[in-house]
Amino acid sequence: MGESQKGDLHLVALTKTFGAFTAVQPMDLTIPQGSFFALLGPSGCGKTTTLRMIAGLEAPSAGSIRIGEQDITATKAHQRNVNTVFQSYALFPHMTVLDNVMFGLKRRGDKDARRKALEALELVQLEGLGGRKPAQLSGGMQQRVALARALVNRPDVLLLDEPLGALDLKLRRQMQIELKRIQQEVGLTFIHVTHDQEEAMTMADTIAVMNQGVVEQIGDPATLYEQPRSTFVANFLGQSNLLRAKVVPGSPREGVALVRSHDADLEVAVDHLPQGASDVWLGVRPEKLRLGESGGPNRLRGTVRDVSFTGVAIQYIVRMPWGRELTVVQQNDGSARATLGEDVTVSWAAEHGFALDASQDADAGAMVEDDV
């Protein structure tokens, strides 16, 4: 482990090519010190390659990596103050949990290794289990040991490569909350690579959505979800209903623009409209739609083609007269439910919609295969 360098992590025109294939297009990213940052995207989008370049496990084809003012682009992996937690844990099976956590410190001759390791185990809520072997622990506990082993070194940057991928759903949810708590407690820079949208949104302060080696959009989870800037982000981060529409000149009221979709005049907030676009995809999230007239000024008539009860909510598929199907999600709050085959009105508020340039593919990001 190299000497500590405080400061933001800067990726400057960072690029990686493998022969004729460009895995990471020139990328400029600044990851603030002490933040929980997620690189989110489907398999093959370049997020793991980016992580490996930060770790020093992969040499960039061009560009540079800095922590604070120090350029670490050519620094060997073991000389960077950067640690990685992998999905596979990579614990030493013959060593006790405590010895696993102390390993790096002892190799560097740290006289305080035992105390620091015990503190790290306490941080990940494994106090009292230091004498066990990894095989005696559950998968979730083994992941905590791997985390403690990385945290005990107090790296400037902690890289998390799909760290919860091997855990079952309930445990994964618990660990998401735990990881967030630990990051806030230690205040280190965490960079988390994942293909799981919910995981990224639950844990990260800032998310960079990657697609085919390019960062499509960076922002906090709420901004990315409420105001996606591309159809890929709109579809990959949750579900979106997209309607083809034309911008109508003039404004019905201040701050609102009018668009026409299949003979229906619909409103959208002006600041949610891409500048200079005349043909757009008008997007609205399923949970922002209401069955009935109470949702807002935007109204469309359709027929219920499917009803799915999920416990906390009911999901409806409503077919428009021109064939497009809208997904509507209503909370299970005791309000009246629609039935299969029923003709219904779907409505929503102008500020709950967003508009994207219609030159983009409406299905981009929707049919993406997850990592295996």
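Residues numbered from 1 in each chain as written. Predicted model: local features only at pLDDT ≥ 70, side-chain atom pairs only at ≥ 80, totals over all residues. Heavy atoms only, no water.

### Regarding the packing of aromatic side chains
Worth spelling out the cut-off: What counts as a ring pair is set by centres within 6.5 Å for rings of Phe, Tyr and Trp (its six-membered ring), and what kind of pair is set by the plane angle: stacked under 30 degrees, edge-to-face over 60, tilted for all other angles. The secondary structure listing takes helices from DSSP runs of H or I that are at least 4 residues long and strands from runs of E that are at least 2 residues long, numbered from the N terminus. Whether a residue is buried, partly exposed or exposed follows from its accessible area with a 1.4 Å probe, protein chains only, as a fraction of its type maximum: under 20%, in between, or over 50%, in that order.
If you walk through the whole model with that rule in mind, you get three aromatic pairs. Residues Phe36 and Phe190 carry aromatic rings whose centres are separated by 5.4 Å and whose planes lie at 55° to one another, so their mutual orientation is tilted. Of this pair, Phe36 sits in strand S3 (residues 36-40) while Phe190 sits in strand S8 (residues 189-194), placing them 154 residues apart in sequence. With respect to class, Phe36 is no different from Phe190; both count as buried. Aromatic side chains Phe232 and Phe236 sit 5.4 Å apart centroid to centroid with 15° between the ring planes, which places their arrangement in the stacked category. Here Phe232 and its partner Phe236 are both found in helix H8 (residues 231-236), four residues apart, which amounts to about one turn of the helix. Here Phe232 falls in the buried class, since its relative accessible area comes to 4%.

### What to know about the sheet that holds strand S4 (residues 62-67)
The pairing of strands in a sheet happens through backbone hydrogen bonds and is either parallel or antiparallel. Let me state the cut-off plainly: Two strands make a pair as long as DSSP finds a minimum of two bridges between them.
On the basis of which strands lie adjacent, the open sheet formed by four strands has the order S2-S1-S4-S5 and antiparallel pairing. At either margin of the open sheet sits one strand with a lone partner, and together these are strand S2 (21-31) and strand S5 (70-71). Note that S4 and S5 share two bridges and pair antiparallel. Residue pairing in the sheet places Arg66 in a bridge with Asp71 of S5.

### A look at the sheet that holds strand S18 (residues 325-331)
Spatially, the five strands line up as an open sheet ordered S15-S19-S16-S17-S18, and their pairing is antiparallel. At either margin of the open sheet sits one strand with a lone partner, and together these are strand S15 (290-291) and S18. With six bridges connecting them, strand S16 (residues 298-309) and strand S17 (residues 313-319) associate as antiparallel partners. In the strand pairing of S17, Thr303 is matched with Arg319.

### Overview of the UniProt feature "domain: ABC transporter" (unreviewed entry) in the chain
Stated precisely, the cut-off is as follows: UniProt positions are given in the numbering used here, feature names are shortened, and annotations may be inferred rather than shown by experiment.
Listed under "domain: ABC transporter" (unreviewed entry) in the UniProt record, and renumbered for this structure, are residues 9-237. Helix makes up 35% of residues 9-237 and strand makes up 27%, while its end C-alpha atoms are separated by 25 Å.

### Observations concerning helix H3 (residues 113-123)
For the record, the criterion: As used here, the arc is the angular range of directions from the helix axis to the C-beta atoms. The contact criterion used is simple: two residues touch if any of their non-hydrogen atoms lie within 4.5 Å.
Looking only at H3, the buried set comprises Ala113, Ala117, Ala120, Leu121 and Leu123. For H3, the angular spread of the buried residues around the axis is 155°, confining them to a single face. Looking at H3, the residues exposed on the side facing more than 90 degrees away from the buried face are Arg114 and Glu122. Residues of H3 that are buried in the fold lie against helix H2 (97-107), helix H4 (139-151) and helix H5 (169-186). Remark: Gln125 follows H3 within two positions and exhibits a positive phi of approximately 60°.

### Side note on the pairing of S3
Counted residue by residue, S3 has five buried out of five residues, so it is predominantly covered. Burial along S3 is two-sided: the face carrying Phe36, Ala38 and Leu40 and the face carrying Phe37 and Leu39 are both buried. Bridge count between S3 and S8: five bridges; the pairing is parallel. Note on S8: the bridge partner recorded for Phe36 is Phe190. Two strands pair when backbone bridges link them, and S3 and strand S9 (residues 206-211) are joined in this way by four bridges, in the parallel orientation. Each bridged residue has a counterpart across the sheet, and for Leu39 the counterpart in S9 is Ala208.

### A few points about empty space enclosed by the protein
Applied cut-off: Here a cavity is any set of points on a 1 Å grid over the protein atoms alone where a 1.4 Å probe fits but cannot get out, and a pocket is any open set with protein on both sides within 12 Å along at least 5 of 7 lines; a residue lines the site when it has an atom within 4 Å of a point. Grid points are joined across faces, edges and corners, and a volume is the space filled by probe spheres set on the points. Ten residue types, Ala, Val, Leu, Ile, Met, Phe, Trp, Tyr, Cys and Pro, are classed as nonpolar, four, Asp, Glu, Lys and Arg, as charged, and the remainder, Gly among them, as polar.
Under the defined criterion, the tally for this structure stands at one cavity of 30 Å³ or more. Lining the largest cavity, in full, are Leu291, Ile314, Tyr316, Gln330, Gln331, Asp333, Ser335, Ala336 and Arg337. Broken down by class, the residue content of the lining of the largest cavity amounts to four nonpolar, three polar and two charged.

### Brief notes about the domain arrangement of the chain
When the parts of a complex come together, some accessible area is lost, and that lost area is often taken as the interface size. Stated precisely, the cut-off is as follows: In this entry, domain limits derive from an automatic or database-based domain assignment. Once two parts are joined, some of their accessible surface, as seen by a 1.4 Å probe, is lost; buried area is that loss totalled over both.
For the chain, the domain assignment lists domain 1 (2-226) and domain 2 (231-371). At the junction of the two partners, domain 1 supplies 17 residues and domain 2 supplies 13 residues. With both chains or domains summed, domain 1 and domain 2 bury close to 1400 Å², and 59% of this area falls on carbon and sulfur atoms. The three residues of domain 1 that bury the most area against domain 2 are His195, Tyr225 and Glu226, which together make up 40% of that side's buried surface.

### With respect to unusual backbone geometry
Backbone geometry places Gln125, a non-glycine residue, at a positive phi of 60°. Along the chain, Gln125 turns up in the loop between H3 and H4. A positive phi angle is found at Gln212, which is not glycine, with a value near 50°. If you trace the backbone, Gln212 turns up in the loop between S9 and strand S10 (214-219).

### Some thoughts on the pattern of salt bridges
Applied cut-off: When a carboxyl oxygen of Asp or Glu lies within 4 Å of a side-chain nitrogen of Lys or Arg, that pair is called a salt bridge.
Counted under the stated rule, the structure contains 17 salt bridges. The salt bridge partner of Arg52 is Glu58, with a shortest N-O separation of 3.3 Å. Relative accessible area serves as the criterion here: at 32%, Arg52 is assigned to the partly exposed category. Shared partners join several salt bridges into a network, and the residues in it are Arg144, Glu178, Arg181 and Glu185.

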